[in-house]
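Residues per chain, in single letters:
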Amino acid sequence: MSITPPSQKIWWNQPIDKIEAAWIGLALVWCLVLFLWMPYWHVFGKQNLSSESYKTTPAAFEKKTNEMISKYTVRKEVNGQMPVVAPPPGSNVYLAASKWAWNPILELKKGQSYRLHISSLDWQHGFSLQPVNMNLQILPGYETVITLTPTQTGEFGVVCNEFCGIGHHAMLGKIYVKD
Amino acid sequence: MAGNSFRQCPSSGLYFHRSAESLMKAHAVMAVVFFLIGGIFGLLVMLTRMPSVHLLSAEAFYMALSIHGTDILIFWIIFFEIAVLYFASSTLLRVRPAMPQLGWLGFILMLAGSVTTTLSFFRGNSSVMFTSYVPMPAEPIFYLGLILFAVGALVGCFLFLGTLVIAKREKTYEGSIPLVTFGALTACIIAILTIVMGAIILIPTLLWSMGYIAEIDPLVYRTIWWGLGHSSQQINVSAQVAIWYAIAAIVFGAKPMSEKVSRGAFLLYILFLQLASAHHLLVDPGLSTSWKVFNTSYAMYLAVLASMVHGLTVPGSIEVAQRKKGFTNGLFEWLRKAPWDNPVFSGMFLAMIIFGFIGGITGVVMGTEQINLIIHNTIFVPGHFHATVAVGTTLTFMAITYFLIPVLFRRELILPKLAKIQPYLFAGGMLMLILFMLGAGTLGVPRRHWDVSFSDAVMKFQFAGTAITMLGMAGVGGILAALGGAAYCLIAVGSLVFGKRLDDNASLFSSFGFPMAAPAYKVDQPDRLAMTPVESHGSEPHAAPGTFALALVFLATFVVYFFINAKYLSSLWHMS
Ligand SMILES: [Cu+2]
């Protein structure tokens with residue numbers, strides 16, 4: 001029994017039960033499929049997180065964000081408080097997370113690629129693009145860079161999905177995608 | 001060996017050394033106390049997440065969520081596990097425990113730590129969740145409590161190893177240690193590695209919160225913290241699988257199909273689970289793709305393989321034992337005729353099914369590098385770990401409690417009718433909670449979020465109506481599960497206080513109120529624990545065809561669900 005010592009001293013030479021052997025084989029094959037799927041998706045899939053990221057500081061990142069905002073702001077929303085930025089396709093786009101806002105609002109073009117840089121100016125945050133449902137971890141001191149190509153038009157919410165203090169539930173940003 | 005320091009349970013045949021027995025009792029009782037506290041706050045969290053109720057304020061919600069997570073995931077589970085370690089060493093090997101006085105020191109440290117950390121939550125400035133990600137600060141006493149608790153648990157682990165050494169030296173058993181003790185040893189080794197990880201990160205974090213260290217890198221924190229946070233869940237997996245084998249033996253007299261396979265699977269846990277914690281960092285910056293793929297491939301999948309093996313061998317051993325008793329009609333007579341109104345069995349079997357089918361499959365899917373993009377930090381994640389921990393581990397511990405109350409505490413169970421339905425109530429409620437959480441997470445609903453309607457936000461966003469409905473349904477499931485949890489606390493605590501005291505000769509199984517297998521553990525040679533008689537299962541063809549059929553259903557579900565998620569991933573915006 002399982003709660004008493006094994007019935008044979010040399011238990012490691014006992015033959016393996018047939019169905020156990022068959023199951024181990026099947027399970028191992030499936031685990032290998034799962035493993036190979038990841039490199040496969042890197043080659044053939046269109047949704048891969050790049051490893052491109054840099055050490056940064058909140059001040060340096062804020063500065064670059066503000067430079068982009070002053071260059072490409074097209075209008076202001078939310079009672080004239082929040083800049084809406086429409087950077088040209090292919091350019092570097094900055095999105096700064098801080099308690100408890102995403103700055104600025106972005107306006108992108110469908111089918112065009114952007115180098116999106118995201119970082120936090122204070123605590124950890126979560127970039128969650130909704131309702132697309134794409135989720136990234138955002139850390140202070142680290143600048144994530146992804147080449148992003150929106151495939152739909154419309155108005156998208158950027159929810160923070162990493163707990164970042166008491167105002168966390170109000171931390172909402174926006175991305176517009178136009179044709 | 002002083003004969004009078006042991007007590008033999010008249011019906012199970014198990015031997016309890018008096019000093020180990022008191023340690024087991026103390027740890028088990030504290031476990032239930034923290035289950036009760038954590039459970040009450042879990043209910044409050046859920047009642048807040050139900051859109052129609054939205055009970056607590058934001059401050060109180062995040063505090064309640066921090067208490068729920070920490071008191072259940074750490075304090076309830078590890079107190080119980082230390083009790084399991086004393087049982088699997090001292091009782092199963094029938095040996096005196098190593099240094100019981102030191103065991104009490106460990107217990108006091110664990111108690112001091114758990115109380116300190118819980119109190120720090122109530123002070124209101126440490127609502128940092130179970131993960132306590134820097135640079136979000138908690139009060140120093142929050143970290144201090146966790147460190148004290150970990151040191152106490154470490155003492156328990158080393159005493160377990162010490163007890164194994166004594167048993168070996170005093171030759172209290174023949175051959176190798178029992179499989180259940182081997183599983184507990186796996187849990188103990190993983191626990192030691194885990195606690196070391198915890199010390200590496202929590203001690204500097206304590207110093208940081210006190211102002212002695214200027215900064216802790218958030219990525220370094222996350223990487224090491226998950227060596228603690230994820231591996232600690234692997235202690236649970238090892239412990240719960242060990243208990244599954246124990247219950248199979250106790251209720252059915254089952255023996256492992258082959259010792260080699262089951263022990264090999266436990267070994268895989270030790271070798272490959274530590275690095276698998278990398279799957280929490282799949283969408284983090286600063287880590288390379290190859291590092292992520294490497295650590296979630298060989299490491300995770302070999303651990304997954306281990307769980308898939310146990311998933312076959314535990315029910316397989318039950319099937320073999322049942323077929324020996326004559327339940328040989330068709331594929332499933334052995335299962336239909338199992339004692340479904342015995343909560344020791346029903347709790348364990350429900351835990352195993354929900355752990356495997358839901359916890360296991362969702363865990364692998366979200367641990368796949370790219371698919372993690374659609375799951376990370378959504379409410380899918382707590383959906384997953386309520387299947388693994390709240391059902392897998394917690395329900396397993398509940399099931400073995402129904403065995404321990406009469407055997408260890410020598411009390412008759414109160415409310416036996418309620419005990420019969422308790423596993424179904426808890427598992428059913430949890431199942432509903434889990435499925436709707438998984439669904440809402442798939443639609444993007446975030447975890448750890450007070451108000452998904454964003455009523456306080458300056459901008460507007462609305463989740464799909466289905467997602468909001470699902471949160472409400474999850475809450476209904478959660479209320480049922482909370483009733484199941486309350487029933488457990490009532491029966492466990494009530495039996496200890498009001499249950500009829502069983503005298504030393506009373507037969508357990510007549511007083512127990514449920515049909516159970518004949519005394520499982522009959523050895524008439526008190527000085528030395530003999531090997532079980534030789535009867536080989538290995539050569540019998542198709543000894544467990546029903547289990548194999550179930551395993552194939554499981555594999556098919558796994559494959560289908562994985563590719564559904566891959567399809568969903570392919571609909572996302574393009575990214576590279
Ligand atoms: Cu947040």
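Since the model is a prediction, treat every value here as computed from it, not as a measurement. (Residues numbered from 1 in each chain as written. Chains lettered and ligands numbered in written order. Predicted model: local features only at pLDDT ≥ 70, side-chain atom pairs only at ≥ 80, totals over all residues. Heavy atoms only, no water.)

A.B. asks: Help me get a handle on the overall build of chain B, residues and values and all.
C.D. replies: A count of helices and strands for chain B gives 16 helices and 3 strands. Here the C-alpha radius of gyration of chain B, 23 Å, is about what a compact globule of 576 residues would show, namely 25 Å. Over its C-alpha atoms, taken along the principal directions, chain B stretches across nearly 75 × 55 × 45 Å. By the burial criterion, 66% of the 576 residues in chain B qualify as buried. By sequence separation, contacts in chain B at least 24 residues apart represent 83% of the contacts at least 6 residues apart. When the accessible surface of chain B is totalled, it reaches about 19000 Å², and 70% of it is carbon and sulfur. Each charge class in chain B can be summarised by its mean position, and for the 32 positive and 24 negative side chains these summaries are 6 Å apart. (Helix = DSSP H or I, 4+ residues; strand = E, 2+ residues; numbered from the N terminus. Rg over C-alpha atoms; globule rule 2.2 N^0.38 Å. Buried < 20%, exposed > 50% of the residue type's maximum accessible area, 1.4 Å probe, protein only. Contact = heavy atoms within 4.5 Å. Areas by Shrake-Rupley, 256 points an atom, 1.4 Å probe, with all protein chains shown as cover. Lys, Arg positive; Asp, Glu negative; His and termini not counted. Charge placed at Lys NZ, Arg CZ, Asp CG, Glu CD.)

A.B. asks: Break down the environment of Thr73 of chain A for me, with residues and values.
C.D. replies: All names here are of chain A. Relative to the helices and strands, Thr73 resides in strand 2 (residues 73-77). When the C-alpha atoms of Thr73 and Pro104 are compared, they prove to be 9.2 Å apart, with 31 residues separating the residues in sequence. Setting aside chain neighbours within four positions, we find Thr73 in contact with Pro83, Val84 and Val85. A polar contact of 2.4 Å, which involves the side chain of Thr73, links it to the backbone oxygen of Ile69. (Polar contact = N/O pair within 3.5 Å; in protein donor to acceptor, adjacent residues only side chain to side chain.)

A.B. asks: Residue-level account of the sheet that holds strand 8 (residues 125-130) of chain A, with values.
C.D. replies: All names here are of chain A. Here we have 7 strands laid out as an open sheet, ordered 2-3-6-12-11-8-9, and mixed in their pairing. Because the sheet does not close on itself, it has two edges, and the strands there are strand 2 and strand 9 (134-138). On average, adjacent strands in this sheet sit at an angle of 25° to one another, irrespective of strand direction. Where strand 3 (residues 82-85) and strand 6 (residues 105-109) come together, 2 bridges link them in parallel fashion. Note on strand 6: the bridge partner recorded for Val85 is Leu106. (Pairing = 2+ DSSP bridges. Axes fitted to C-alpha atoms, helices over the stretch in contact; angles between N-to-C directions.)

A.B. asks: Tell me what's going on with the coordination of the copper ion, and back it up with residues and numbers.
C.D. replies: Residues and elements named next belong to chain A. Cys160 (SG), Glu162 (O), Cys164 (SG) and His168 (ND1) make up the full set of protein donors to the copper ion, lying at 2.0 to 2.4 Å. Classification of the site at the copper ion rests on its 4 donor atoms, whose angles at the metal span 88 to 122°, yielding the label tetrahedral. Here the donor residues for the copper ion map to a single chain with the spacing C-x1-E-x1-C-x3-H. (Donors = N, O, S within 2.8 Å, 3.2 Å for Na, K, Ca; no water. Tetrahedral: all angles 85-135°; square planar, octahedral: opposite > 155°, others 65-115°.)

A.B. asks: Can you break down unusual backbone geometry residue by residue, with the values?
C.D. replies: Residue and element names in this part refer to chain A. Cis geometry marks the peptide bond from Lys99 to Trp100; its omega dihedral reads -5°. Examined against the element boundaries, Trp100 turns out to sit in the loop between strand 4 (92-98) and strand 5 (101-103). Following Gln130, the chain continues into Pro131 via a peptide bond in cis, with omega recorded as 0°. As for its placement among the helices and strands, Pro131 is situated in the loop between strand 8 and strand 9. With phi around 55°, Val78 is a residue other than glycine that occupies positive phi space.

A.B. asks: Pulling in residues and values, what's your account of helix 2 (residues 58-72) of chain A?
C.D. replies: The α-helix advances 3.6 residues per turn, and as a result positions three or four apart in sequence lie on the same side. Residue and element names in this part refer to chain A. A rise of 1.5 Å per residue sets the reference length of helix 2, with its 15 residues, at 21 Å; its end C-alpha atoms lie 21 Å apart and thus fit the reference within 8%. Considered for burial, the residues of helix 2 that qualify are Phe61, Thr65, Met68 and Ile69. Looking straight down helix 2, one finds that the buried residues subtend no more than 100° of arc, so they occupy a single side. Turned more than 90 degrees off the buried face of helix 2, the exposed positions are Ala59, Lys63, Ser70 and Lys71. (Expected span 1.5 Å × (residues − 1). Arc of directions from axis to C-beta.)

A.B. asks: Outline the pattern of salt bridges, supporting the account with residue identities and numerical values.
C.D. replies: All names here are of chain A. All chains considered together, the criterion is met by 17 salt bridges over all chains. Note that Arg75 and Glu77 form a salt bridge whose closest N and O atoms lie 3.3 Å from each other. Assessed through its relative accessible area of 18%, Glu77 is described here as buried. (Salt bridge = Lys/Arg side-chain N within 4 Å of Asp/Glu carboxyl O.)

A.B. asks: Requested: an account of the confidence of the model for chain B, with residues and values cited.
C.D. replies: Residue and element names in this part refer to chain B. When pLDDT is averaged along chain B, the result is 89, and 91% of the positions lie at 70 or above. Within chain B, no element has a lower average pLDDT than helix 15 (residues 508-512), which sits at 46, and none a higher one than helix 3 (residues 100-122), at 97. pLDDT under 50 marks residues 510-521. Its contacts with residues more than four places away, or in other chains, come to 44 contacts. Low pLDDT (under 50) marks residues 538-542, which in the prediction has 7 contacts with non-local residues, meaning those over four places away or in another chain. This complex was scored by the predictor with a pTM of 0.94 and an ipTM of 0.95. (pLDDT = per-residue confidence, 0-100.)

A.B. asks: Give a detailed account of helix 16 (residues 545-569) of chain B, specifying residues and quantitative values.
C.D. replies: An ideal rise of 1.5 Å per residue puts 36 Å on 25 residues; helix 16 of chain B measures up with 36 Å between its terminal C-alpha atoms. If you check which residues of helix 16 of chain B are buried, you get Gly546, Thr547, Ala551, Phe554, Leu555, Phe558, Phe562, Asn565, Ala566 and Leu569 of chain B.

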